[in-house]
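Listed here are the chains, written in short residue letters.
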Amino acid sequence: MNSSLQQFRYETGESLNIAVYQIKANKIRSFLTALGVIIGIVAITMMGTAINGIDLGFEKSLSMIGYDVVYVQKGSWSTMGQWWRYRNRPDIETRYAAEINRIIEGNPGSELIVAVPQMSTIQASARYRDREILQIFAMGTSHDYPLTASGDLSAGRFFTAQESAAGDAVCVIGDDIASGLFPDGRATGKSVRLKNHNVRVVGVFKKQGKFLGLFSFDNQLIMPLGAFTKVYGKTPMVTIRVKIRDEKRVPEAKEELTGLMRRIRRLPPGKADDFGINEQQAFKSQLDPIKNGIAVAGIFITGMSLFVGAIGIMNITFVSVKERTREIGLRKALGARRRTILMQFLIESVMICLVGGIIGLATALSITVLIQNLLPDFPVSFSPMLVLASLLISVATGIISGLAPAISASRLDPAVSLRYE
Amino acid sequence: MSERPFIIRISSLSKHYTMGDQLVKALDKIDLDFRENDYAAIMGPSGSGKSTLMNILGCLDTPTAGRYELNGQNVAEMDDDELARVRNREIGFVFQTFNLLPRLDCLRNVELPLIYAGVSPEERLERSRKALEEVGLGDRIDHKPGELSGGQTQRVAIARALVNHPSIILADEPTGNLDTATSRDIMDIFGRLSDAGNTIILITHEEEIARFTRRIIRLRDGRIESDSAP
Ligand SMILES: Nc1ncnc2c1ncn2[C@@H]1O[C@H](COP(=O)(O)OP(=O)(O)O)[C@@H](O)[C@H]1O
Ligand SMILES: [Mg+2]
């Protein structure tokens, strides 16, 4: 048993030597053979990288939307695009926040911690002297807002409870606004002009970055609700942000909040909700179709190129068996068993595929690094799982495509093979 | 009569091929024995069945009918793995066309049978070096076959046949591709190997080569025509 194990080891060593020699001796042929595997591995790793990146980009860019915050709004995120269904619902009002807070305070067992009103507009711009930033996202809220968002400040502070209650003309701005209006100086203490109101900057958010070029929190401007309505009047874009006690108990929290809202809206039992309660998860699932699309395309391309690659490798291995018929006969005459010859050719095709897989991984990694450098906002992320999966796929391709030629080699008649010219 | 033990006992052994609708009796009910330390030449015209006999003796091929006993084991009943093992342990082949792997140096060529025997790398090296020294090529171990003369190449092949200490050495026209002087060198080596106790069977169609051996078996049309000392 032990000695046959040793024999297996030595024979495998010999097979590895032969495989390395063959690949080196036929570099161009091996490379062309491995091309299908290379393309397949690039496709699957880029796919995985893109999907990882979307998830990661989501976590990073939307970190201001915490998992422990739910949103009372007119519509529901999970049925976005069907706005007509909510058209006739009453608008959400900022006063609901105060009413919810009052009820929470009277209920120590509540799943909810605090409600924060938010009124916003995207039709806003900010000026400072001769500079102007168009299309900012202006928002009025309360001093409790930071409890429901995790954006850190790079300078200054958030506005206080007193400023909030008084509706003082102060604001906290996103990094793009700060660097756009004050390219060479501190923003805090300066006053920006919104329409024809002066609003003093008291804080600046850290840069958050863009996500897929779709969302950016770096162009937002946040001020007390009172100040917001003084500048923009009452806008219909109202959300009540509610921080919950436990992000693992989102359904319970939504349940309780739904009850509170129905009480506030005085909905009789049996009447449907006329408001939506949203959470990050629902928003995130909006991206599922994109991710699925990438996955389907990636798997299709991978499958096609691996299929073509496997056929190519099978073909080349058959040619290789033919070319080395005499050598196979000789090795059999010298004592190589069927399984030894089988292994030798399998190892060769697996090695070609592995080399192809590694080249593919290196290519994908280079592309990833290139994308990260050229388009920092584009989400890509390489993972060790992808490396492992790629190598496994390469080995499997090698075994599948090498099996038929290897079996035919192992069955060659030694006497006939030795006569082969 | 010799008291040396039998290595090979063949009785009523046939090998038939069908070519289209024609039956070719390459070997026709042959009886033949070889004892330890035999040094024999198999002769005969082209197509008389010499190579067929050699392939069966070397376990590269199996007979259509009859019995072939090698060291007391009936080879005709062996499966593929057992045959590979017998080829590896009991038989050393020398071919007319040498059959060395051109990409490997002499040492690597000679060690091939030892790899399939499961011998450790250190022992492989040492035994291969010794086998090359035995055929007078101790100073050429790192040369590739392409850098050697025909005679030297055949000596490497003989070293490879010797390296695993086989019961018999089988050589199919070992001097067929060599000039007269070189052929004599090779036959000298076989002579020395025979003196050292090896059992050697070679095929040749040259009388001068056969004269180096101690026994000549003549085949014709798949039958033994004569079996005698030269
Ligand atoms: N694989 C084979 N298929 C068909 N006929 C064969 C085969 N091998 C040998 N023969 C025939 O068997 C006979 C003996 O061949 P062989 O043993 O090669 O003779 P020799 O080596 O003495 O020249 C010849 O007639 C040859 O044509
Ligand atoms: Mg012949």
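From a predicted model like this one, the values you see are computed outputs, not experimental measurements.

Enquirer: Kindly report on the overall build of chain A, identifying the contributing residues and their values.
Expert: Secondary structure assignment for chain A yields 13 helices and twelve strands. Against the globule reference of 22 Å for 421 residues, chain A gives a C-alpha radius of gyration of 32 Å, more extended than a compact globule. If one aligns the C-alpha atoms of chain A with their principal axes, the spans along those axes are about 100 × 60 × 45 Å. A burial count over chain A gives 50% of its 421 residues as buried. Carbon together with sulfur atoms contributes 61% to the accessible area of chain A, which is approximately 20,700 Å² in total. Distance between charge centres in chain A, computed from 48 positive and 35 negative side chains, equals 4 Å.

Enquirer: Which residues make up the UniProt feature "domain: ABC transporter" (unreviewed entry) in chain B, and what values do they have?
Expert: Under the feature "domain: ABC transporter" (unreviewed entry), the UniProt entry names residues 8-230 of chain B. The straight-line gap between the two end C-alpha atoms of residues 8-230 of chain B is 21 Å; of that span, 35% is helix and 29% is strand.

Enquirer: I'd love a proper account of the domain arrangement of chain A, names of residues and values included.
Expert: Here the domain parsing of chain A yields domain 1 (2-61 + 285-418) and domain 2 (90-274). Between the C-alpha centres of domain 1 of chain A and domain 2 of chain A there is a distance of 53 Å.

Enquirer: Describe the site of ligand 1, with residues and values.
Expert: Every one of the 13 residues lining ligand 1 counts as a neighbour, but Gly47(B), Gly49(B), Lys50(B), Ser51(B) and Thr52(B) are closest to it. One nitrogen or oxygen atom from the side chain of Arg419(A) is found 3.3 Å from a nitrogen atom belonging to ligand 1. At 3.1 Å, a backbone N or O of Gly49(B) approaches an oxygen atom of ligand 1. Its free accessible area being 560 Å², ligand 1 has 70% of it covered by the protein chains. Looking at the shell around ligand 1, the elements with two or more residues in it are β1 (6-19), β2 (22-35) and α1 (50-57) of chain B. If one sorts the elements of the shell around ligand 1 by residue count, α1(B) sits on top with three residues. When grouped by side-chain class, the residues that make up the shell around ligand 1 number five nonpolar, six polar and two charged.

Enquirer: Break down the pairing of strand β11 (residues 237-244) of chain A for me, citing the residues and quoting the values.
Expert: All names here are of chain A. Counting buried positions along β11 gives seven out of eight residues, so the element sits mostly inside the fold. Pairing between strand β1 (residues 69-73) and β11: four bridges, direction antiparallel. Looking at β11, one finds that Val69 is bridged to Lys243.

Enquirer: Give a description of helix α9 (residues 288-323) of chain A that names residues and reports values.
Expert: Over its 36 residues, α9(A) extends 51 Å from the first C-alpha to the last, a length consistent with the 52 Å expected when each residue adds 1.5 Å. Among the residues making up α9(A), those that are buried are Lys291(A), Ala295(A), Gly298(A), Thr302(A), Ser305(A), Leu306(A), Gly309(A), Ala310(A), Ile313(A), Thr317(A), Ser320(A) and Val321(A).

Enquirer: Outline the pattern of salt bridges, listing residues and values.
Expert: For the structure on display, the rule yields 33 salt bridges over all chains. Of the charged contacts in the structure, one is a salt bridge between Arg95(A) and Glu93(A), with a shortest N-O distance of 3.1 Å. Judged by its relative accessible area of 36%, Glu93(A) is partly exposed. Between Arg220(B) and Glu225(B) there is a salt bridge, with its nearest N and O atoms 2.8 Å apart. One network of salt bridges, in which partners are shared, links Glu14(A), Glu327(A), Arg331(A) and Arg103(B).

Enquirer: Got a sec to walk through a nonpolar patch on the surface? Specific residues and values, please.
Expert: All names here are of chain A. A cluster of nonpolar side chains, Ile28, Phe31, Leu32, Leu35, Ile39, Phe300, Ile301, Met304, Val355 and Ile359, forms an exposed patch at the surface whose accessible area comes to about 930 Å². Counting only elements with at least two residues in the nonpolar patch, the list comes to α2 (27-61), α9 and α11 (338-374). By residue number, the principal contributor to the nonpolar patch is α2, which donates five residues. Along the chain, the position of Leu35 falls in helix α2. You can call Leu35 partly exposed: its relative accessible area is 31%.

Enquirer: Provide a residue-level description of the interface of chain B and chain A, including the pertinent values.
Expert: Tallying the contact residues gives 26 residues for chain B and 26 residues for chain A. When the buried surface of chain B facing chain A is broken down by residue, Leu60(B), Arg103(B) and Tyr116(B) rank first, second and third, together holding 32% of it. Across the pair Glu327(A) and Arg103(B) runs a salt bridge, and its minimum N-O distance is 3.2 Å. Looking at the side of chain B that touches chain A element by element, the count peaks at six residues for helix α2 (residues 80-90) of chain B. Classifying every residue of the side of chain B that touches chain A gives twelve nonpolar, six polar and eight charged.

Enquirer: I'd love a proper account of empty space enclosed by the protein, names of residues and values included.
Expert: All chains considered together, the criterion is met by two cavities of 30 Å³ or more. Volume-wise, the largest cavity comes out at about 100 Å³. Mapped by element, the contributors of at least two residues to the lining of the largest cavity are α1 (2-25), α2, α9 and α11 of chain A. A class-by-class count of the residues in the lining of the largest cavity yields three nonpolar, seven polar and three charged. As for the second largest cavity, its lining consists of Ala333(A), Leu334(A), Arg87(B), Asn88(B), Ile91(B), Gly92(B), Phe93(B), Pro113(B), Arg160(B), Ala161(B), Asn164(B) and Pro166(B).

Enquirer: Describe the sheet that holds strand β10 (residues 223-228) of chain B, with residues and values.
Expert: Residues and elements named next belong to chain B. On the basis of which strands lie adjacent, the open sheet formed by six strands has the order β6-β7-β8-β3-β9-β10 and mixed pairing. Two strands bound the open sheet, and with one partner strand each, they are β6 (91-94) and β10. Strand-to-strand, the axes of this sheet are offset by a mean angle of 20°, without reference to chain direction. Both strand β3 (residues 39-43) and strand β8 (residues 199-203) contribute to a ladder of four bridges, which runs parallel. Paired with Ala40 across the two strands is Ile201, which belongs to β8. Strands in contact with α1 are β3, β6, β7 (168-172), β8 and β9 (215-220); relative to β8, the strand with the most contacts, it is inclined by about 150°. The sheet strands contacting helix α6 (residues 180-195) are β3, β6, β7 and β8, and the helix crosses β8 at an angle near 150°.

Analysis parameters
- Each chain carries its own residue numbering, running from 1 in the written order of its sequence.
- Each chain gets a letter, beginning with A, and each ligand a number, beginning with 1, in the order they are written.
- Restriction of local features to residues with pLDDT of at least 70 applies here, the model being predicted, together with a cutoff of 80 or more for giving and counting side-chain atom pairs; totals for whole chains, interfaces and linings are based on all residues.
- Heavy atoms throughout the structure, all of them, feed into the side-chain values; hydrogens and water do not.
- We count a stretch as a helix when DSSP gives it H or I for four or more residues in a row; a strand needs E for two or more, and each element gets its number in order from the N terminus.
- Both definitions apply: the radius of gyration is a C-alpha atom measure, and the globule rule equals 2.2 Å times residues to the power 0.38.
- Burial status follows relative accessibility: with a 1.4 Å probe on protein chains alone, a residue under 20% of its type maximum counts as buried, one over 50% as exposed, and anything between as partly exposed.
- Only the protein chains shown count as cover for residues, with accessible areas throughout obtained via the Shrake-Rupley method and a probe of 1.4 Å.
- Only four residue types enter the tally: Lys and Arg on the positive side, Asp and Glu on the negative side, with His and both chain ends excluded.
- Every charge is mapped to an atom, namely NZ of Lys, CZ of Arg, CG of Asp or CD of Glu.
- UniProt positions are given in the numbering used here, feature names are shortened, and annotations may be inferred rather than shown by experiment.
- For the domains described, the bounds stem from an automatic or database domain assignment.
- Here a residue is near a molecule or strand as soon as one of its heavy atoms is found within 4 Å of it.
- Nitrogen and oxygen atoms within 3.5 Å of one another constitute a polar contact, given that in protein one can donate a hydrogen and the other can accept it, and given that sequence-neighbouring residues count only through two side-chain atoms.
- Note that Gly is not counted as nonpolar here; it falls among the polar residues with everything else outside the nonpolar set of Ala, Val, Leu, Ile, Met, Phe, Trp, Tyr, Cys and Pro and the charged set of Asp, Glu, Lys and Arg.
- Two strands pair if DSSP finds at least two bridges between them.
- Expected helix span is computed as 1.5 Å times (number of residues minus one).
- One side-chain nitrogen of Lys or Arg within 4 Å of one carboxyl oxygen of Asp or Glu is enough to make a salt bridge.
- Patches draw on residues past 30% relative accessible area with no salt bridge. Two like charges within 9 Å are joined, as are two nonpolar side chains (Val, Leu, Ile, Met, Phe, Trp, Tyr) within 5 Å.
- For this analysis, residues touch if any pair of their heavy atoms sits within 4.5 Å.
- Note: buried area is the sum, over both parts, of the accessible area (probe 1.4 Å) each one loses when the two are combined.
- Put plainly, a pocket is an open set of points on a 1 Å grid over the protein atoms alone with protein on both sides within 12 Å along at least five of seven lines, a cavity is a set where a 1.4 Å probe fits but cannot get out, and a lining residue has an atom within 4 Å of a point.
- Grid points are joined across faces, edges and corners, and a volume is the space filled by probe spheres set on the points.
- Simply put, an axis is a line fit to the C-alpha atoms, just over the touching stretch for a helix, and the angle between two N-to-C directions goes from 0 to 180 degrees.

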